[in-house]
Amino acid sequence: MPIVPLYGHAALRERLASAAATGRLPASVLLHGPSGVGKQRLGLWLGALLLCESSPAPCGRCQSCRYAAELAHPDLHWIFPRPRLKDADAGAEEVRQDYAEAISERLAAGGLYARPSGTEGIYVATVRSIVQRAAISPAMAKRKVFVIGDAERMVPQEGSDMAANAFLKLLEEPPADTTLIVTSSEPGALLPTIRSRVVSLRVPPLGEADLRAFLADPLVRDALEKEPVPKSDAERVALAGGAPGTLFGGGERDAARDGAKRILDAAESGDRAAALRIAFQQGATRARGRFTDTLDALEGLLHDRARTKVARGDERGAESAARAVDAVEQARERAAGNVSPNLVTAELMRRLGERR
Ligand SMILES: [Zn+2]
């Protein structure tokens with residue numbers, strides 16, 4: 001079964017196709033843009049285009065295109081952050097197996113996946129395996145293509161200098177039959193040594209018509225129907241903000257939003273007992289990732305509110321929402337320090353309560 005096709009990005013696709021057709025496509029490309037906007041899917045599309053046996057590429061019908069759409073093309077290599085393997089010196093075979101499993105999971109989900117958790121990375125064993133695979137001749141096509149997603153998660157590790165240097169050399173001068181497509185939503189966090197070796201292309205958010213077409217795809221429908229709280233397409237369009245991938249945060253994202261709503265409701269209800277109870281529930285130890293997600297969701301809620309107030313011409317309301325956003329930003333700073341989530345939340349609730 002193929003993964004969800006690429007929606008939108010028509011201008012960029014045209015540009016890439018024409019560059020490829022005239023041999024002007026750089027050997028190492030960086031696709032950057034907001035998280036969830038479809039950079040890796042676009043990278044896979046470009047890979048299919050480069051490997052297609054017919055025209056206009058990607059034709060979608062040749063064997064190569066079919067394999068690419070089923071994530072089964074032996075010359076289209078997809079790399080993304082993974083949990084660190086137990087064996088730091090894992091060999092190429094272990095890495096290959098780990099990715100084979102991860103990719104079959106993504107395939108089973110139609111190519112729709114949540115953003116990797118903060119502990120997942122592109123570790124040295126993986127970097128080594130990329131360099132090794134790049135040195136081998138293509139198995140089926142005339143070329144080979146590597147799509148390396150979330151490349152800012154490529155972590156420099158002790159003792160990894162050789163692998164890192166070999167990778168940089170690969171980026172700078174890939175073999176003539178190799179294209180490297182690197183993607184990142186935080187290009188500023190990319191190693192400068194990587195950034196200087198790639199040609200950057202910005203991937204913009206999707207427009208509403210493309211988003212709606214994406215939401216109407218049967219695979220997308222299926223995946224979103226499993227959500228604990230079903231939403232309308234209009235709600236999804238608003239939530240996605242041009243980045244459909246963000247709709248697939250799964251339960252964790254919903255939990256963060258629920259938590260954020262509870263904090264806001266309690267803070268504004270003036271019910272001190274409820275506020276204290278919720279602050280207490282945030283825990284004393286730092287389950288940092290989860291708490292940070294809650295603060296992110298809270299900031300999103302407040303931004304939405306500020307926009308609504310501005311749209312209604314309610315200046316005081318907008319100002320108060322903006323001050324609340326400041327309070328959340330300060331809470332995030334304190335949480336990044338050594339302050340426990342329940343203390344941070346208690347202080348944040350006090351400040352949010354003042355806004356009424
Ligand atoms: Zn084709």
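Everything numeric here is computed off the predicted structure, so don't read it as measured data.

## Let's talk about the overall build of the chain
So, step 1. When its secondary structure is counted, the chain shows 15 helices and five strands.
So, step 2. Its C-alpha atoms give the chain a radius of gyration of 23 Å, near enough to 21 Å, the size a compact globule of 356 residues would have.
So, step 3. Each of the three principal axes of the chain carries a C-alpha extent, and together these read 65 × 45 × 35 Å.
So, step 4. Each of the 356 residues in the chain was classed as buried or not, and the buried ones make up 35%.

## Focus: the environment of Leu46
So, step 1. As for its position among the elements, Leu46 is in helix α2 (residues 39-51).
So, step 2. A sequence separation of 189 residues divides Leu46 from Glu235, and the C-alpha atoms of the two residues are 31 Å apart.
So, step 3. With near-sequence residues (within four places) excluded, Leu46 lies in contact with Leu16 and Ile181.

## As for the pairing of strand β4 (residues 178-184)
So, step 1. Counting buried residues in β4 gives seven out of seven residues, a clear majority hidden from the surface.
So, step 2. Of the two faces of β4, the one lined by Thr178, Leu180, Val182 and Ser184 and the one lined by Thr179, Ile181 and Thr183 are each fully buried.
So, step 3. With five bridges joining them, strand β1 (residues 28-32) and β4 adopt parallel strand pairing. Residue pairing for β4: Leu31 is matched across the bridge by Thr183.
So, step 4. Pairing between strand β3 (residues 144-148) and β4: five bridges, direction parallel. By the bridge assignment for β4, Val145 is matched with Thr179.

## Some thoughts on the sheet that holds strand β5 (residues 199-202)
So, step 1. Here five strands make up an open sheet; going across it, the order is β2-β3-β4-β1-β5 and the pairing parallel. Since the sheet does not close on itself, it has two edges, and those belong to β2 (76-79) and β5, each with one partner. Between one strand and the next, the sheet's axes are offset by a mean angle of 20 degrees, whatever the strand orientation.

## Some remarks on the packing of helix α14 (residues 315-336) against helix α15 (residues 341-354)
Helices that pack against each other are described as a pair by the angle of their axes relative to one another and the distance between those axes.
So, step 1. Where α14 contacts α15, the two axes come as close as 10 Å, and the packing angle between them is 165 degrees. It follows that α14 is roughly antiparallel to α15 by the angle criterion. For the element pair α14 and α15, the recorded crossing hand is right-handed. Of α15, the residues touching α14 (which contributes Ala324, Ala327, Val328, Ala331, Arg334 and Ala335) are Pro341, Val344, Leu348, Arg351 and Leu352.

## Side note on the domain arrangement of the chain
So, step 1. According to the domain assignment, the chain consists of domain 1 (10-204) and domain 2 (249-354).
So, step 2. Here domain 1 and domain 2 have C-alpha centroids that lie 37 Å from each other.

## So, the environment of His32
So, step 1. By the secondary structure assignment, His32 is in strand β1.
So, step 2. On the basis of neighbour counts, which here come to 22 C-beta atoms within 10 Å, the residue His32 falls in the buried class.
So, step 3. When the C-alpha atoms of His32 and Glu186 are compared, they prove to be 7.5 Å apart, with 154 residues separating the residues in sequence.
So, step 4. In this view, His32 contacts Ser184, Pro187, Ser200, Arg202 and Val203; residues no more than four positions away in its chain are not counted.

## What about helix α1 (residues 10-21)?
So, step 1. Counted at 1.5 Å a residue, the expected span for α1 with its 12 residues is 16 Å, and the 16 Å between its end C-alpha atoms agrees.
So, step 2. Phi turns positive, to about 70 degrees, at Gly23, one or two residues after α1.

## Let's talk about helix α4 (residues 92-108)
So, step 1. Here α4 is 17 residues long and its end C-alpha atoms lie 24 Å apart, about the 24 Å a rise of 1.5 Å per residue gives.
So, step 2. Looking one or two residues beyond α4, the residue adopting positive phi is Gly110, at roughly 75 degrees.

## Details of unusual backbone geometry
So, step 1. Pro56 follows Ser55 through a cis peptide bond whose omega is -5 degrees.
So, step 2. With respect to the helices, strands and loops of the structure, Pro56 is situated in the loop between α2 and α3 (63-69).
So, step 3. Here the bond from Ala57 into Pro58 is cis, since omega is -10 degrees, no more than 30 degrees from zero.
So, step 4. Turning to its location among the elements, Pro58 is positioned in the loop between α2 and α3.

## Considerations on the packing of helix α5 (residues 124-135) against helix α6 (residues 161-172)
So, step 1. Contact geometry for α5 and α6: axes closest at 9 Å, N-to-C directions at 40 degrees. Here α5 lies oblique to α6, going by the angle between them. Crossing geometry of α5 relative to α6 is assigned as left-handed. Of the residues in α6, those touching α5 at Val124, Val127, Arg128, Ile130, Val131 and Ala134 are Ala163, Ala164, Ala166, Phe167 and Leu170.

## Some remarks on the pairing of β3
So, step 1. Most of β3 is tucked away, with five of its five residues classed as buried.
So, step 2. Neither face of β3 is exposed, since Lys144, Phe146 and Ile148 on one face and Val145 and Val147 on the opposite face are all buried.
So, step 3. As paired strands, β2 and β3 are joined by four bridges and run parallel to one another. Across the sheet, residue Ile79 finds its bridge partner in β3, namely Ile148.

## Thoughts on the nonpolar core
So, step 1. Ala48 and Ile181 are the most contacted members of the largest nonpolar core, which totals 56 residues.
So, step 2. The element that contributes the greatest number of residues to this core is α2, accounting for eight residues.
So, step 3. Filtering out sequence-adjacent residues up to four positions away, Ala48 remains in contact with Pro58, Cys65, Ala68 and Ala69.
So, step 4. Counting 25 residues, the second-largest nonpolar core is a separate cluster that includes Ile263, Ile278, Ala321 and Ala324.

About the thresholds
Residues numbered from 1 in each chain as written. Predicted model: local features only at pLDDT ≥ 70, side-chain atom pairs only at ≥ 80, totals over all residues. Helix = DSSP H or I, 4+ residues; strand = E, 2+ residues; numbered from the N terminus. Rg over C-alpha atoms; globule rule 2.2 N^0.38 Å. Buried ≥ 20, exposed ≤ 12 C-beta atoms within 10 Å, placed from the backbone. Contact = placed C-beta atoms within 7 Å. Pairing = 2+ DSSP bridges. Axes fitted to C-alpha atoms, helices over the stretch in contact; angles between N-to-C directions. Parallel < 35°, antiparallel > 145°, perpendicular 65-115°, else oblique. Left-handed = near helix turned anticlockwise from the far one by under 90°. Domains from an automatic or database assignment. Expected span 1.5 Å × (residues − 1). Core = buried A, V, L, I, M, F, W, Y, C linked by C-beta atoms within 7 Å.

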